[in-house]
Amino acid sequence: IVLDGTVDGDGGGPWSLVINGGSANASISGNVGDSNPLSYLMVDASETGVQGVCTYGDQVYTGRTTLYGDLATIVNGEVRFNGPSVIGADMGIYTSAGGGAPITFNGTVDGAFNLTVDSGSSTTTFMGAVGSLAPFGSGSGASITILGGTTEFVGTAVLSSGIAASSDVIFR
């Protein structure tokens, strides 16, 4: 499944987008919700590549997901990854608007780029190993920058250059 360009609502929505690729791959090469955010986005595919996404509500990615741009929710929308994640560019995930909503990585997180997370007054949880294949991050600046909410690491974290946090960080 290939969406080769920008995906926006028409201003009459917000509309939702569900991509159900099953064992197929999905590629979203343009920004989603850039001009008119979608209500929510759900992607279920074996592997997915995603540029920037902005929704009012939840974003749920199932399968291996590679991220190349910022993800944001506007009204208490959760961002959840139900599979391994690869950070393919310096980027951020922001759910702090409207007070905050969870950011959850239910699989491993890898990549040679830095990640910023801001869950507002909610939580960010890394359930799997971070840096499971090689140390995570670019080695320049903080590998993970935490701007809001409590962040919890349940698996191991092997980072190139550490964590910069403005809130609590818990290692289990």
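Residues numbered from 1 in each chain as written. Predicted model: local features only at pLDDT ≥ 70, side-chain atom pairs only at ≥ 80, totals over all residues. Heavy atoms only, no water.

Draft legend 1. Region of interest: the side chain of Thr-73. In this structure, Thr-73 sits in strand β7 (residues 71-73). There is a polar contact of 2.8 Å between the side chain of Thr-73 and the backbone oxygen of Gly-77. Not counting the four nearest positions on each side in its chain, Thr-73 is found in contact with Thr-55, Tyr-56, Gly-57, Gln-59, Glu-78, Val-79, Tyr-94, Thr-95 and Ala-97. (Helix = DSSP H or I, 4+ residues; strand = E, 2+ residues; numbered from the N terminus. Polar contact = N/O pair within 3.5 Å; in protein donor to acceptor, adjacent residues only side chain to side chain. Contact = heavy atoms within 4.5 Å.)

Draft legend 2. Geometry of the nonpolar core. Judged by nonpolar contacts, the single largest core of 30 residues is most densely connected at Tyr-61, Leu-71, Phe-81, Ile-93, Phe-105, Leu-115 and Phe-126. With four residues, the single largest contributor to this core is strand β4 (residues 41-50). Excluding its chain neighbours within four sequence positions, the residues that come into contact with Ile-93 are Leu-71, Val-79, Phe-81, Ile-103, Phe-105, Leu-115, Thr-116, Val-117 and Asp-118. (Core = buried A, V, L, I, M, F, W, Y, C linked by side-chain atoms within 4.5 Å. Buried < 20%, exposed > 50% of the residue type's maximum accessible area, 1.4 Å probe, protein only.)

Draft legend 3. Here's a closer look at unusual backbone geometry. Phi at Asn-76 takes a positive value of approximately 50 degrees, unusual for a residue other than glycine. Within the element layout of this structure, Asn-76 appears in the loop between β7 and β8 (79-82).

Draft legend 4. Just the packing of aromatic side chains, in detail. Tallied over the entire structure, the rule returns five aromatic pairs. On the basis of an interplanar angle of 10 degrees and a centroid distance of 4.8 Å, the ring pair of Phe-81 and Phe-105 is categorised as stacked. Taken as a pair, Phe-81 in strand β8 and Phe-105 in strand β11 (residues 103-105) lie far apart in primary sequence, 24 residues in all. Both residues of the pair, Phe-81 and Phe-105, belong to the buried class. Ring centres 5.1 Å apart and planes at 15 degrees place the aromatic pair Phe-153 and Phe-171 in the stacked group. (Phe/Tyr/Trp six-rings, centres within 6.5 Å; stacked < 30°, edge-to-face > 60°.)

Draft legend 5. Just the pairing of strand β6 (residues 59-67), in detail. The element β6 is extensively covered by neighbouring structure, given that seven of its nine residues are classed as buried. For β4 and β6, the ladder comprises eight bridges, and the chain directions are parallel. Looking across to β6, one finds that Thr-48 is bridged to Thr-65. Sheet topology note: the β6/β8 ladder contains four bridges and is parallel. Paired with Tyr-61 across the two strands is Phe-81, which belongs to β8. Pairing between β6 and strand β9 (residues 85-87): three bridges, direction parallel. Following the sheet pairing, Thr-66 is matched in β9 by Val-86. (Pairing = 2+ DSSP bridges.)

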